[in-house]
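# Understanding the architecture of this molecule
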Amino acid sequence: MRRVAVFGATGSIGTSALDVIARHPDRLRADVLVAGRNVDALVDLCRSHRPAHAAVAEESAYAALRDGLRAVGLDTRAHAGMAAIDALAADAGTDTVVAAIVGAAGLSSTLAAARAGKRLLLANKESLVLAGDLLMRTVREHGADIVPIDSEHNAIFQCLPDSHARAGLTRIQLTASGGPFRGRSRAELAGVTPAQAVAHPKWSMGPKISVDSATLMNKGLEVIEAHHLFDLSSDRIGVLVHPQSLVHSLVEFVDGSTLAQLGLPDMRTALAVGFAWPERIVSGVAGLDLLAQGRLDFEAPDLDAFPCLRLAYAALDAGGCATAVLNAANEEAVSAFLQGRIAFLSIPALVEDALQRMSHAAADSLDALLDADAATRAAVREAISREATP
Ligand SMILES: NC(=O)C1=CN([C@@H]2O[C@H](COP(=O)(O)OP(=O)(O)OC[C@H]3O[C@@H](n4cnc5c(N)ncnc54)[C@H](OP(=O)(O)O)[C@@H]3O)[C@@H](O)[C@H]2O)C=CC1
Ligand SMILES: CC(=O)[C@@H](O)[C@H](O)COP(=O)(O)O
Ligand SMILES: [Mn+2]
């Protein structure tokens, strides 16, 4: 029996993970559920899964969580605050952690799970963008076991399951849907709204990653994520726009072979791989009917309309704390865009400005990375408050 802690349980990945868990009561059990502040949704999930522990990051929500659990007759123990969440990530009562908190807020619990040597189903790509060298080192030193959940990286993992499979590998190609604004020029992006940006054409996801898909920053974050997960330099990581989102990524070999993983755009496949690997289990996702789908199209990304992808490559090549700066600036800009405070095109502009202005100190400690993160956020918030309409 795999005993699972789901971090980000109330989100898009968290609920997909719980759906897969519920299909396998003989081999999977959700023992810990963690959310940010959404107590009602968390208590509902606890009613279905009856975990031993439930936690919220927001300390002031503790009493509501405790009382909500009691009110529905559960003896699930309530916790609140980041320290409690990190302790649950390391707790010996679980062997598997689904890391699906959104943003840099997921780094601390992801590191705690890695230090505890868990199987880490890693969806939280921002922790690799912010602190990839440190996280991968921690995984290696503590014998943790990462299964990438991001669909592209899960696809590459399935194509390259071990070091033998990497023999003769030349490069990988990450596929990108192109997002809701694929085909638009830069000028046509000026007035797009948050509602339009979160309407992803193929995937049902939380608001932050949906905006990242719309700017192509998601693909930029994924290039950095792939660099860390698969130990590849940026020139060996390509991006191919594929609007159907059925080919989840490709790997190329010196003999002319290309391997790819295909499937319907539903994250339960990647999560089932993460829970069961090297076995395969039912995920609830139907098999792919290529005749019904009809066609697979590919095109190059438009870096003029979507400069975030170029900025992410530049940050990866710059090294040091640059990717931490990129991530922090992007999180602040996306949050302001979602609140209607800045325009869509201000997202790349703020990220580019932050990359130019912030010091790219060596990323030689967690403190250095967190300092870069904090300083960038402060600078970007100030720039936003100058730009935002009152
Ligand atoms: N959705 C997808 O298909 C994919 C997602 N990912 C990655 O997975 C991660 C999650 O994405 P997604 O599920 O879409 O996001 P959602 O916005 O749907 O869910 C975010 C989850 O994180 C929780 N959360 C937010 N802030 C905190 C915090 N400070 N501490 C603890 N929990 C917090 C939220 O809790 P609450 O509800 O209480 O706010 C919620 O459970 C992201 O890093 C994303 O890039 C990667 C590939 C695909
Ligand atoms: C499901 C998943 O992995 C997302 O990261 C997805 O890739 C987003 O789609 P884009 O290709 O539009 O960024
Ligand atoms: Mn992805």
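Residues numbered from 1 in each chain as written. Chains lettered and ligands numbered in written order. Predicted model: local features only at pLDDT ≥ 70, side-chain atom pairs only at ≥ 80, totals over all residues.

Turning our attention to helix H3 (residues 62–71). Because the α-helix completes a turn every 3.6 residues, residues three or four places apart line up on one side. By the burial criterion, the buried members of H3 are Leu65, Gly68 and Leu69. Seen end-on, H3 carries its buried residues on one side only, within an arc spanning 95°. Pointing more than 90 degrees away from the buried face of H3 are the exposed residues Ala63, Asp67 and Ala71. Positive phi appears at Gly73, one or two residues downstream of H3, with a value of about 80°. (Buried ≥ 20, exposed ≤ 12 C-beta atoms within 10 Å, placed from the backbone. Helix = DSSP H or I, 4+ residues; strand = E, 2+ residues; numbered from the N terminus. Arc of directions from axis to C-beta.)

Surrounding ligand 2, one finds Asp150, Ser151, Glu152, Ala176, Ser177, Gly179, Trp203, Ile209, Ser213, Asn218, Lys219 and Met267. Tallied by class, the residues present in the shell around ligand 2 amount to 4 nonpolar, 5 polar and 3 charged. (Near = placed C-beta within 6 Å. Nonpolar A, V, L, I, M, F, W, Y, C, P; charged D, E, K, R; others polar.)

This brings us to the sheet that holds strand E11 (residues 258–262). Note on sheets: strands pair through backbone hydrogen bonds, and any given pair is parallel or antiparallel. The strand order across the open sheet formed by 4 strands is E9-E8-E10-E11, and the pairing between neighbours is mixed. The two strands at the open ends of the sheet, each matched to only one other strand, are strand E9 (237–241) and E11. With strand direction ignored, the average angle separating the axes of adjacent strands in the sheet is 20°. With 5 bridges connecting them, strand E10 (residues 247–253) and E11 associate as antiparallel partners. For Val247, the partnering residue across the bridge sits in E11 and is Leu262. Most of the contacts of helix H7 (residues 151–159) go to E10, to which it runs at about 40°, and overall it touches strand E8 (169–176), E10 and E11. (Pairing = 2+ DSSP bridges. Axes fitted to C-alpha atoms, helices over the stretch in contact; angles between N-to-C directions. Contact = placed C-beta atoms within 7 Å.)

The residue after Trp277, namely Pro278, is reached through a cis peptide bond having omega 10°. Residue position: Pro278 is located in the loop between helix H11 (268–276) and helix H12 (290–293). With a phi close to 55°, Asp231 is a non-glycine residue in the positive phi region. With phi around 55°, Ser245 is a residue other than glycine that occupies positive phi space.

A sheet is described by the order of its strands in space; here 7 strands give the open sequence E4-E3-E2-E1-E5-E6-E7, paired in parallel fashion. The sheet is open, and its two edges are formed by strand E4 (77–80) and strand E7 (145–148), each paired on a single side. On average, adjacent strands in this sheet sit at an angle of 20° to one another, irrespective of strand direction. In this sheet, E4 lies alongside strand E3 (residues 53–56) in parallel orientation, the contact comprising 4 bridges. Within E4, the position partnered with Ala54 by the bridge is Ala78.

Glancing now at the domain arrangement of the protein. Here the protein is partitioned into domain 1 (2–148) and domain 2 (163–265 + 287–387). Ranked by the residues each element gives to the side of domain 1 that touches domain 2, the list is headed by helix H6 (residues 125–141), at 10 residues. (Domains from an automatic or database assignment.)

This part is about the nonpolar core. Formed by 120 residues in total, the largest nonpolar core has its most connected members in Val6, Leu42, Ala99, Ala312 and Val325. Of all the elements, helix H14 (residues 322–338) adds the most residues to this core, at 10 residues. Two domains share this core, each providing at least three of its residues, namely domain 1 (2–148) and domain 2 (163–265 + 287–387). Not counting residues up to four positions away in its chain, the partners in contact with Val6 are Gly14, Ala17, Leu18, Ala30, Val32, Leu33, Val34, Val98 and Ala100. (Core = buried A, V, L, I, M, F, W, Y, C linked by C-beta atoms within 7 Å.)

What follows deals with the site of ligand 1. Neighbouring residues of ligand 1: 29 residues in total, closest Gly11, Gly36, Asn38, Ala57 and Gly206. Within the residue set of the shell around ligand 1, elements represented by two or more residues are helix H1 (12–22), strand E2 (28–35), H6 and helix H9 (207–215). Ranked by the residues each element gives to the shell around ligand 1, the list is headed by H1, at 3 residues. Split by residue class, the shell around ligand 1 holds 15 nonpolar, 9 polar and 5 charged. Both domain 1 (2–148) and domain 2 (163–265 + 287–387) contribute no fewer than three residues apiece to the shell around ligand 1.

Turning our attention to the environment of Ile224. Mapped onto the elements of the fold, Ile224 is located in helix H10 (residues 217–230). Separated by 10 residues in sequence, Ile224 and Ser234 place their C-alpha atoms 7.9 Å apart.

What UniProt calls "binding site: NADPH" (unreviewed entry) maps, in this numbering, to Thr10, Gly11, Ser12, Ile13, Gly36, Arg37, Asn38, Asn124, Glu126 and Gly206. Summarising the element assignment, Asn124 is placed in the loop between strand E6 (119–122) and H6. For Asn124, a count of 29 C-beta atoms within 10 Å corresponds to the buried category. Other than its neighbours up to four places away in sequence, Asn124 contacts Ala99, Ala100, Ile101, Gly106 and Thr110. One can find Glu126 in helix H6. Take Glu126: there are 28 C-beta atoms within 10 Å of it, and that puts it in the buried class. Ignoring any residue separated from it by four or fewer positions in sequence, one finds Glu126 in contact with Gly103, Ala104, Gly106, Leu221 and Asn327. (UniProt positions renumbered as here; feature names shortened; annotations may be inferred.)

Side-chain alternation along strand E5 (residues 96–99) places Thr96 and Val98 on one buried face and Val97 and Ala99 on a second face that is also buried. Of the strand pairs in this sheet, strand E1 (residues 2–7) and E5 are connected by 4 bridges, and their pairing is parallel. If you follow Val6 over to E5, its bridge partner there is Val98. Bridge count for E5 against E6 is 4 bridges, and the pairing is parallel. Counterpart to Thr96 in the pairing with E6 is Arg119. Remark: the E5/helix H5 (residues 107–115)/E6 crossover connection has right-handed handedness. (Right-handed = clockwise from strand over helix to strand, strands pointing away.)

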